[in-house]
Amino acid sequence: MAASTLKAFALFALALPASQALAAHVEQQAISLDAQSSELDYKNNNLIFRKVRITQGDMSVAADQAQATGLDFENSHWVFRGNVKITMEQGQLTSEEAEITFAKKLLSKAIVNGKPAAFEQRIAKTGKLAQGRADTIDYDVAKGVVHFSKNAWLSDGQNEIRGESLKYNVLAQNIVAESAEQGSQRVHIIITPPANPKP
């Protein structure tokens, strides 16, 4: 039954854009940075922005503050703090803190931390809201993997799955709750039967 439930969870896409075609499309789009104020220390390669918003196509990152190691986005590391919201074409992540790596003018990796960090997406097929929470959510764009760790919880709007560590593979469209990553905890799945339509 657990296998079939995990398969059912695979049907709801917690998908963040990771296909090569989409990446190529985004790569051609300009990156825009808007901030209320900035401190640019080029000598020490330290940039600080307040009330910042970075956009590229359908992707945007907004936060109260951002600190970066470079502004060219070719190979830069960013730390966002306070009301962090990462929006992509098919979902959004929210947290109090996020570390984001840009490579070759593309967002390549995002690690969001919070109590908890959260993910949500409207499922086109069912119209229900898919949600995920964890203390840390690690999104590896290149591998197409979203990793929920520490107090991980996922829901497709009807069924729920909990574990110490859950991974969602965007390309394979499946959820993995590996026993080696669970420690002493077990995976817990709640299946809610659909409501019977009234005659």
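Only a predicted model underlies this, so the values are computations on that prediction, with no experimental measurement involved.

Engineer: Help me out: how do you make sense of the overall build of the protein in this one?
Structural biologist: Scanning the protein from N- to C-terminus turns up two helices and eleven strands. Along its sequence from the N terminus, the protein presents helices and strands in the succession α-α-β-β-β-β-β-β-β-β-β-β-β. Looking at the 199 residues of the protein, the share that counts as buried comes to 39%. Sequence separation of at least 24 residues holds for 42% of the intrachain contacts in the protein that already meet a minimum separation of 6. Surface accessibility of the protein: about 11000 Å² in total, with carbon and sulfur atoms responsible for 51%.

Engineer: Got a minute to help me understand the packing of aromatic side chains in this structure?
Structural biologist: Note on aromatic pairs: each is described by the distance of the centres and the angle between the planes. Evaluation of the coordinates by the stated rule reveals five aromatic pairs. Ring plane angle 10° and centroid distance 5.5 Å describe the contact between Phe-73 and Trp-78, whose orientation is recorded as stacked. There is no split in this pair, since Phe-73 and Trp-78 are both buried. Ring plane angle 10° and centroid distance 5.7 Å describe the contact between Trp-78 and Phe-80, whose orientation is recorded as stacked. One exposure class covers both Trp-78 and Phe-80, and it is buried. Through a chain of ring-to-ring contacts, the aromatic side chains of Phe-49, Phe-73, Trp-78, Phe-80 and Phe-102 assemble into a single cluster. One cation-aromatic arrangement involves Arg-133 over Trp-153; the distance from NZ or CZ to the ring centre is 4.0 Å.

Engineer: I would appreciate a short explanation of the pattern of salt bridges in the present structure.
Structural biologist: Pairing between side chains of opposite charge can happen when the charged atoms of each approach one another. Taken as a whole, this structure holds seven salt bridges when the rule is applied. A salt bridge links Lys-115 to Asp-135; its shortest N-O distance comes to 3.7 Å. Here Lys-115 is found in strand β6 (residues 106-122), whereas its partner Asp-135 is found in strand β7 (residues 129-140), with 20 residues between them in sequence. By relative accessible area, which is 76% here, Lys-115 ends up exposed. With a closest N to O distance of 3.5 Å, Glu-160 and Arg-162 form a salt bridge.

Engineer: Where do I start with the confidence of the model for the protein in this structure?
Structural biologist: Parts of the model with low pLDDT should not have their predicted coordinates read in detail. Across the protein, the average pLDDT comes to 76, with 69% of residues at 70 or higher. For the protein, per-element mean pLDDT is lowest for helix α1 (residues 2-11), which scores 41, and highest for strand β3 (residues 59-68), which scores 94.

Engineer: Sorry if this is basic, but what is going on with the environment of Thr-94 here?
Structural biologist: Within the element layout of this structure, Thr-94 appears in strand β5 (residues 91-103). Taking the relative accessible area as the measure of exposure, Thr-94 reaches 28% and is therefore partly exposed. Sequence separation between Thr-94 and Gly-114 is 20 residues; the distance between their C-alpha atoms is 8.4 Å. Apart from residues lying up to four places away in sequence, Thr-94 is in contact with Val-84, Lys-85, Ala-117 and Ala-118.

Cut-off values and rules
- Residues numbered from 1 in each chain as written.
- Predicted model: local features only at pLDDT ≥ 70, side-chain atom pairs only at ≥ 80, totals over all residues.
- Heavy atoms only, no water.
- Helix = DSSP H or I, 4+ residues; strand = E, 2+ residues; numbered from the N terminus.
- Buried < 20%, exposed > 50% of the residue type's maximum accessible area, 1.4 Å probe, protein only.
- Contact = heavy atoms within 4.5 Å.
- Areas by Shrake-Rupley, 256 points an atom, 1.4 Å probe, with all protein chains shown as cover.
- Phe/Tyr/Trp six-rings, centres within 6.5 Å; stacked < 30°, edge-to-face > 60°.
- Lys NZ or Arg CZ within 6 Å of the ring centre and 35° of its normal.
- Salt bridge = Lys/Arg side-chain N within 4 Å of Asp/Glu carboxyl O.
- pLDDT = per-residue confidence, 0-100.

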